[in-house]
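# Structural overview for review
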Amino acid sequence: MSSRTPPTLLELAVQSLLRDQALAIPALEDLPRELFPPLLRAALAQGHSEILKAMVQTWPLPCLPLGSLMTRAHLDILTTALDALGLLLDQKARPRRWKLQVLDLREGPQHHCGVWCAAMARPSLPEARRERPREKTGQRMEAQQPLRVFIDLSFEASTLNECQAYVLLWALQRKDSLHLCCHKLNIFPQSIHIMRKVLETLDLSCIQVVEVHCGWKLCTLAAFAPYLGQMRNLRKLLLSHVLVIPSAYFGEESLITQFTSQLLNLNRLQELSVDEPIFLGGHLYQMLRCPDASWDAQMGTVMLEWRVRSRREDENRTGSFAEDAGDVPWTLQSQLQRLVLTNCPLSASDLEHLSCWTSTSQLKHLDLRRTKLTNLSPEPLRLLLERVAATLETLDLEDCELEDPQLQALLPALSRCTQIKIFNFCGNHFSIAVLKDLLRHTARLSQLNAERYPAPLESYDAWGDLCPRSYKYEVHV
């Protein structure tokens, strides 16, 4: 006997509909809403394009997560669905059962719309039948809201991939009847000129995640900055390997200011990750803008000159999205949860500004890996740890070249970080005595579950080679 599980009644019903498309398509008007998701999955898997067209034009649920239902981005499936939906949007009359409000083209199971599940929990067929006598096509069209289309974009070559390009062109042709929303923007090596054309078609306030994974020149970053400043709902910003190559037309200081001034518009930013920001060395205050009197007196003249110059540049630049420089706030208002500044040439002034930055008061994750702190006072970092002691969960100071006196100065503040779960001190220069002291201070941290320590200085020979047998690990806490 076979142990194969017999198909359910729902699966049998779906397969029966797919076998007879001539019967299935007219039946969509009266089909229970519960049948639409499994029927669409099966139609996509088996390539039933005619049923796919009919289903998107009669979709009875608020959300259609088409991107997560497709096993992979397939241009044929996408064009079939979008062309059918486009015909519907171009008409004034809408089908009786069509309730679609959100078309989600983002990939991955995490993008199954929550409203899908909510709608499935409500009674469907009886409710639809009660509404039929009251529905009038003209009245429904007057109250019709623009369709929201969600997509993630990735610039990986000289152009977008064919699926993303098709979606943008399709949306641009119907900009009066839909609202294109990009939540995540991934940027790999890409021409700023091509990217500008795409950004100008998007509602930048919808973008919540921007990741730049390429070695942009500083002038390219400055050209991108006005668009970044309009991403008012941005939650995460990641930048890596920005090269410092001064422009022939703008000095380095001007380019840095163009970028840092736009960061101050991101009042919902929660994660800021900047890897190898060589250009920020000695300029971190421009990004942090700690509002103290001495800083205001020092920078007031510089900012006034930049505002005047920025206005003139905006007047001469066509198609610019730059905000009025006079409206730039003096400090970032968001409360960061994650701050990553790796391989960053911080100055003493940078570290002092970082310690008093109001946006770090609720910080949960601090990562300063490969940021050399050897010749800097530990006092600003100690003050920062004290300020975030109630919220900090991870601390990564790997390869910061800290030494015994600096760690000893940090220990009292570190012992107050009662929520810390992970810390990493590898790559620093500590003696066995100070490491023992570190263990004694952290032994009382009940949430701590992952910790990394460097080998003690006593374990290295005269040539700097590690000799693990040269000492005993005897630690009593």
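What counts as what
Residues numbered from 1 in each chain as written. Predicted model: local features only at pLDDT ≥ 70, side-chain atom pairs only at ≥ 80, totals over all residues. Heavy atoms only, no water. pLDDT = per-residue confidence, 0-100. Helix = DSSP H or I, 4+ residues; strand = E, 2+ residues; numbered from the N terminus. Contact = heavy atoms within 4.5 Å. Buried < 20%, exposed > 50% of the residue type's maximum accessible area, 1.4 Å probe, protein only. Polar contact = N/O pair within 3.5 Å; in protein donor to acceptor, adjacent residues only side chain to side chain. Axes fitted to C-alpha atoms, helices over the stretch in contact; angles between N-to-C directions. Parallel < 35°, antiparallel > 145°, perpendicular 65-115°, else oblique. Nonpolar A, V, L, I, M, F, W, Y, C, P; charged D, E, K, R; others polar. Pairing = 2+ DSSP bridges. Right-handed = clockwise from strand over helix to strand, strands pointing away. Phe/Tyr/Trp six-rings, centres within 6.5 Å; stacked < 30°, edge-to-face > 60°.

### Focus on the confidence of the model for the protein chain
This prediction gives the protein chain a mean pLDDT of 80; 77% of its residues lie at or above 70. Here helix α8 (residues 125–131) is the element of the protein chain with the lowest mean pLDDT, 40, and strand β10 (residues 394–396) is the one with the highest, 98. Long-range and interchain partners of residues 114–143, a stretch whose pLDDT sits below 50, account for 39 contacts in this model, where long-range means more than four residues apart.

### Description of the side chain of Thr257
Mapped onto the secondary structure, Thr257 falls in helix α13 (residues 252–263). On the basis of relative accessible area, Thr257 is assigned to the buried category, the value being 8%. A distance of 2.9 Å separates the side chain of Thr257 from the backbone oxygen of Glu253, its partner in a polar contact.

### Here's the deal with unusual backbone geometry
Unlike most non-glycine residues, Glu276 shows phi in positive territory, near 55°. The exposure class assigned to Glu276 is partly exposed, which follows from its relative accessible area of 24%.

### Examining the packing of helix α11 (residues 192–199) against helix α12 (residues 218–228)
Packing of α11 against α12 brings their axes to within 11 Å, and their N-to-C directions diverge by 5°. As summarised for this structure, α11 and α12 are arranged roughly parallel, according to the angle between their axes. Counting all contacts with α11, which are made through Ile192, Met195, Arg196 and Leu199, the residues of α12 involved are Thr220, Ala223, Phe224 and Tyr227. Broken down by class, the residue content of the contact of α11 with α12 amounts to 6 nonpolar, 1 polar and 1 charged.

### Considerations on the pairing of strand β6 (residues 236–240)
Counting buried residues in β6 gives 4 out of 5 residues, a clear majority hidden from the surface. When strand β5 (residues 209–212) meets β6, the two strands line up parallel, connected through 4 bridges. When the bridges of β6 are listed, Val212 appears paired with Leu239. As for the winding sense of the linkage, the β-α-β connection from β5 through α12 to β6 is right-handed. The sheet contact formed by β6 and strand β7 (residues 271–275) spans 5 bridges and is parallel. By the bridge assignment for β7, Leu237 is matched with Leu272.

### Details of the sheet that holds strand β11 (residues 422–424)
The strand order β1-β2-β3-β4-β5-β6-β7-β8-β9-β10-β11-β12 describes an open sheet built from 12 strands, whose pairing is parallel. Each end of this open sheet is capped by a strand with a single partner; those strands are β1 (63–64) and β12 (450–452).

### Things to note about the packing of aromatic side chains
Scanning the model with the defined rule gives 6 aromatic pairs in all. Between Phe36 and Trp59 the ring centres are 5.6 Å apart and the planes differ by 85°, which places this aromatic pair in the edge-to-face class. Note that Phe36 is positioned in helix α3 (residues 36–46) and Trp59 in the loop between α4 (49–57) and β1, a separation of 23 residues in sequence. Judged by relative accessible area, which is 0%, Phe36 ranks as buried. With a centroid separation of 5.1 Å and an interplanar angle of 65°, the aromatic rings of Phe423 and Phe425 are classed as edge-to-face. Just as Phe423 is buried, Phe425 falls in that class too.

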